[in-house]
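Given next are the chains, with one letter for each unit.
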Amino acid sequence: MSSNKEIMRQGVISTGGEDTRIFPDVEACIDCGGCVVACKRTWDSAPDEQRISISTMMEGQEGAQGLNAHSARALGQGESPGETAVPMQCYHCENAPCVSVCPTDSLMKQEDGFVQVRDDLCVGCQYCLSACPFGAPQFPESDEGAAQLFGTGGTMDKCTMCEERQDVGKGPACAEECSTDAILVGNAEEISAELERRDSGTFFNDVAMEIVFGEEGAQVF
């Protein structure tokens, strides 16, 4: 059986506990797409549905001298981070903007920390899509913007952080299958400690960190 120390090395630090988050180590991401494939295979998603994606920023550009592999450190020093791949999905934020703006309470923050969608209450207004800074909400059944007028954007879909897998002691599929352990799962303290062990940074700014982890949680980074 793996020890906690060994589990930490794998990226899935802890599962199913209160305040569990999923968070990217962008300095470990190589844009291989393995997380996307793992998610689609696990949930049998349609070809045009994608609960996780890799956003490549400053594609083809080199980082500042000596900082090409340390994008977060580069940003902290006011330098260019160069090309950076960021796994983007629902991070199940502590201060989830999507929950705040949903007019039908379709989105809810559960006591265990998961942000989930109640399909029967979603009217497809897409307010959550406008509010989320990470582009997590997806509307695979949207009708070319008709939701702006009629609320016919279809039912919202997003990353569930594999709640069902965590209920039985497994990690999210994307995190377990990431070849470079670029997707971390744990609470704020655990994720911060693992990033520090790796000599990695957070890449996100202070505002984004407070959205994901809350004001108190963000202070540990």
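What counts and how
- Residues numbered from 1 in each chain as written.
- Predicted model: local features only at pLDDT ≥ 70, side-chain atom pairs only at ≥ 80, totals over all residues.
- Heavy atoms only, no water.
- Helix = DSSP H or I, 4+ residues; strand = E, 2+ residues; numbered from the N terminus.
- Rg over C-alpha atoms; globule rule 2.2 N^0.38 Å.
- Buried < 20%, exposed > 50% of the residue type's maximum accessible area, 1.4 Å probe, protein only.
- Contact = heavy atoms within 4.5 Å.
- Areas by Shrake-Rupley, 256 points an atom, 1.4 Å probe, with all protein chains shown as cover.
- Pairing = 2+ DSSP bridges.
- pLDDT = per-residue confidence, 0-100.
- Phe/Tyr/Trp six-rings, centres within 6.5 Å; stacked < 30°, edge-to-face > 60°.
- Arc of directions from axis to C-beta.

The next thing to look at is the overall build of the protein chain. Helix and strand counts for the protein chain stand at ten helices and six strands. Here the C-alpha radius of gyration of the protein chain, 17 Å, is about what a compact globule of 221 residues would show, namely 17 Å. Projected onto its principal axes, the C-alpha coordinates of the protein chain cover approximately 50 × 45 × 35 Å. The buried share of the protein chain, taken over its 221 residues, is 46%. The contacts of the protein chain with a sequence gap of at least 6 include a subset with a gap of at least 24, amounting to 65%. Per element, the accessible surface of the protein chain, about 11400 Å² overall, is 45% carbon and sulfur.

Attention shifts here to the pairing of strand β1 (residues 21-24). Burial of β1 is two-sided: the residues Arg21 and Phe23 facing one way and the residues Ile22 and Pro24 facing the other way are all buried. Pairing analysis gives four bridges linking β1 to strand β6 (residues 183-186), with the strands arranged antiparallel. Looking at β6, one finds that Arg21 is bridged to Gly186.

Right, let's get into the environment of Glu216. Its location among the elements puts Glu216 in helix α10 (residues 206-218). On a C-alpha basis, the gap between Glu216 and Ala188 in space is 9.4 Å, while along the polypeptide they are 28 residues apart.

For residues that are not glycine, phi is negative in most cases, and the peptide bond is trans in most cases. Positive phi outside glycine occurs at Asp31, with the angle close to 60°. Position of Asp31 relative to the elements: it lies in the loop between β1 and α2 (34-43).

What follows covers the pairing of strand β3 (residues 84-88). The element β3 is largely enclosed, with a buried count of five among its five residues. Of the two faces of β3, both are covered, the one formed by Thr84, Val86 and Met88 as well as the one formed by Ala85 and Pro87. One ladder, built from five bridges, connects strand β2 (residues 53-57) with β3; its direction is antiparallel. Among the inter-strand pairings, Ile54 is bridged to a residue of β3, identified as Pro87.

For the rest of this paragraph, the subject is the environment of Lys170. Along the chain, the position of Lys170 falls in the loop between α7 (163-167) and α8 (173-177). Judged by its relative accessible area of 44%, Lys170 is partly exposed. Residues within four places of Lys170 in sequence aside, it is in contact with Thr15, Arg165 and Glu176.

In the predicted model, the protein chain carries a mean pLDDT of 88, and 90% of its residues have values of at least 70. Mean pLDDT in the protein chain bottoms out at helix α1 (residues 4-9), which sits at 46, and peaks at helix α4 (residues 97-101), which reaches 97. Contacts of residues 1-8 to residues separated by more than four positions or lying in other chains number eight contacts, the stretch itself having pLDDT below 50.

To continue, consider the packing of aromatic side chains. In total, this model carries eight aromatic pairs according to the counting rule given. With 4.7 Å between their ring centres and 40° between their planes, Phe213 and Phe221 make a pair best called tilted. Here the aromatic cluster, defined as three or more aromatic residues joined through ring pairs, consists of Phe23, Tyr91, Phe134, Phe204, Phe213 and Phe221.

Moving on: α2. Looking at α2, one finds that the buried residues are Cys35, Val36, Ala38 and Cys39. Down the axis of α2, the buried side of the element spans an arc of 165°, and every buried residue falls inside it. Buried positions along α2 lie against β2, α8 and β6. Remark: Asp44 follows α2 within two positions and exhibits a positive phi of approximately 50°.

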